[in-house]
Amino acid sequence: MATPEFITALRATAGTQLLWLPGVTAIVFDDEGRVLLGRRTDTRKWSVVGGIPEPGEQPAACAVREVFEETAVHCVPERVVLVQALQPITYGNGDECQYMDITFRCRAVGGEARVNDDESLDVGWFAVDALPELNEFSLFRIKQALSEAPTWFDPMTIG
């Protein structure tokens, strides 16, 4: 997965310390109700599409850009389905990040699904009742995108 230039610049002065970053996930459905997935080069596992917005980039625009960059599919965001602060992660090089994820339900409007960059090994459309093995992150977001419930967020705890 390519590290955005602005993060590389931050790391030059911040070192490996924890960075709080925005993240965007796109759950893309086609006209047949299938969901778009990519098999990642870093983990070799199937996952939903996502990425990090560039400074000043709107989250919905990031979702559209990431989907096209990774899969060659054009999409339109329809609604926000989830907002969640994720647990901190430490990468193999020692860099620590924590993401605030905004997940969008999107509708495919063009393009042919294919590997379109070096972040994916494979790309494909899957019926929601015939998904490949996915982690809980991806499964929960697909479930929320299929629901007509209001945007999900972690309930606030007052203590």
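Residues numbered from 1 in each chain as written. Predicted model: local features only at pLDDT ≥ 70, side-chain atom pairs only at ≥ 80, totals over all residues. Heavy atoms only, no water.

Asker: For this particular structure, what's the right way to read the overall build of the chain?
Answerer: When helices and strands are tallied, the chain shows three helices and nine strands. Put simply, the chain runs from its N terminus to its C terminus through helices and strands in the order α-β-β-β-β-α-β-β-β-β-α-β. By the compact-globule yardstick of 15 Å for 159 residues, the chain fits well, its C-alpha radius of gyration being 16 Å. For the chain, the spread of C-alpha atoms along the three principal axes comes to 45 × 45 × 30 Å. Across the 159 residues of the chain, 38% fall into the buried class. Summarising the internal contacts of the chain: among those between residues at least 6 apart in sequence, 72% fall at separations of at least 24. Accessible area of the chain: about 8900 Å², with a carbon and sulfur share of 55%. Taking the average location of the 13 positive side-chain charges in the chain and that of its 24 negative ones, the two points are 3 Å from each other. (Helix = DSSP H or I, 4+ residues; strand = E, 2+ residues; numbered from the N terminus. Rg over C-alpha atoms; globule rule 2.2 N^0.38 Å. Buried < 20%, exposed > 50% of the residue type's maximum accessible area, 1.4 Å probe, protein only. Contact = heavy atoms within 4.5 Å. Areas by Shrake-Rupley, 256 points an atom, 1.4 Å probe, with all protein chains shown as cover. Lys, Arg positive; Asp, Glu negative; His and termini not counted. Charge placed at Lys NZ, Arg CZ, Asp CG, Glu CD.)

Asker: Got a minute to help me understand the packing of aromatic side chains in this structure?
Answerer: Any two aromatic rings considered together are summarised by their centre-to-centre distance and by the angle between their planes. Within the structure shown, the criterion is met by two aromatic pairs. For the ring pair tryptophan 46 and phenylalanine 126, a centre distance of 4.9 Å and an interplane angle of 75° mean the geometry is edge-to-face. Of this pair, tryptophan 46 sits in strand 3 (residues 46–47) while phenylalanine 126 is found in strand 8 (residues 120–126), placing the two residues 80 residues apart along the sequence. Each member of the pair, tryptophan 46 together with phenylalanine 126, is buried. Taken together, a centroid distance of 5.1 Å and an interplanar angle of 85° make the contact between phenylalanine 140 and tryptophan 152 edge-to-face. Taken together, the residues span a long stretch of sequence, with phenylalanine 140 in helix 3 (residues 136–146) and tryptophan 152 in strand 9 (residues 152–153) at a distance of 12 residues. Taking NZ or CZ as reference, arginine 141 lies 3.7 Å from the ring centre of phenylalanine 137, over its face. (Phe/Tyr/Trp six-rings, centres within 6.5 Å; stacked < 30°, edge-to-face > 60°. Lys NZ or Arg CZ within 6 Å of the ring centre and 35° of its normal.)

Asker: Is there a simple way to explain helix 3 in this structure?
Answerer: Of the positions making up helix 3, those classed as buried are Ser138, Phe140, Arg141, Ile142, Gln144 and Ala145. Packed against the buried residues of helix 3 are strand 1 (19–29), strand 2 (35–40), strand 3, strand 5 (74–85), strand 7 (96–110) and strand 9.

Asker: For this particular structure, what's the right way to read the pattern of salt bridges?
Answerer: Side-chain pairs of opposite charge can arise whenever the charged atoms involved come near each other. Under the counting rule described, the total for this entry stands at 10 salt bridges. Across the pair aspartate 95 and arginine 11 runs a salt bridge whose closest N-O atoms are separated by 3.5 Å. Of the two residues, aspartate 95 sits in the loop between strand 6 (89–90) and strand 7 while arginine 11 sits in helix 1 (residues 5–14), which places them 84 residues apart along the sequence. This pair shows no difference in class: aspartate 95 is buried, exactly as arginine 11 is. (Salt bridge = Lys/Arg side-chain N within 4 Å of Asp/Glu carboxyl O.)

Asker: Looking at this structure, how should I read helix 1?
Answerer: Residues three or four positions apart in an α-helix share a direction because the helix packs 3.6 residues into each turn. Residues Ile7, Arg11 and Ala14 constitute the buried set of helix 1. Each buried residue of helix 1 sits inside an arc of 80° when the element is viewed along its axis, so together they form one side. Exposed and oriented more than 90 degrees from the buried face of helix 1 are Glu5, Ala12 and Thr13. For helix 1, the elements touching its buried residues are strand 1 and strand 7. Once helix 1 ends, the next one or two residues include glycine 15, with phi positive near 65°. (Arc of directions from axis to C-beta.)

Asker: Quick question: what am I supposed to make of the pairing of strand 5 here?
Answerer: For a regular strand, side chains alternate in direction, first toward one face of the sheet and then toward the other. Alignment of strand 5 against strand 7, held across 10 bridges, turns out to be antiparallel. Pairing of cysteine 75 across the sheet is with alanine 108, part of strand 7. Across two bridges, strand 5 lies against strand 9 in parallel orientation. Looking at the pairing, leucine 82 lines up with tryptophan 152 of strand 9. (Pairing = 2+ DSSP bridges.)

It is worth stressing that arrangement in space is one thing and function is another; only the former is reported here.
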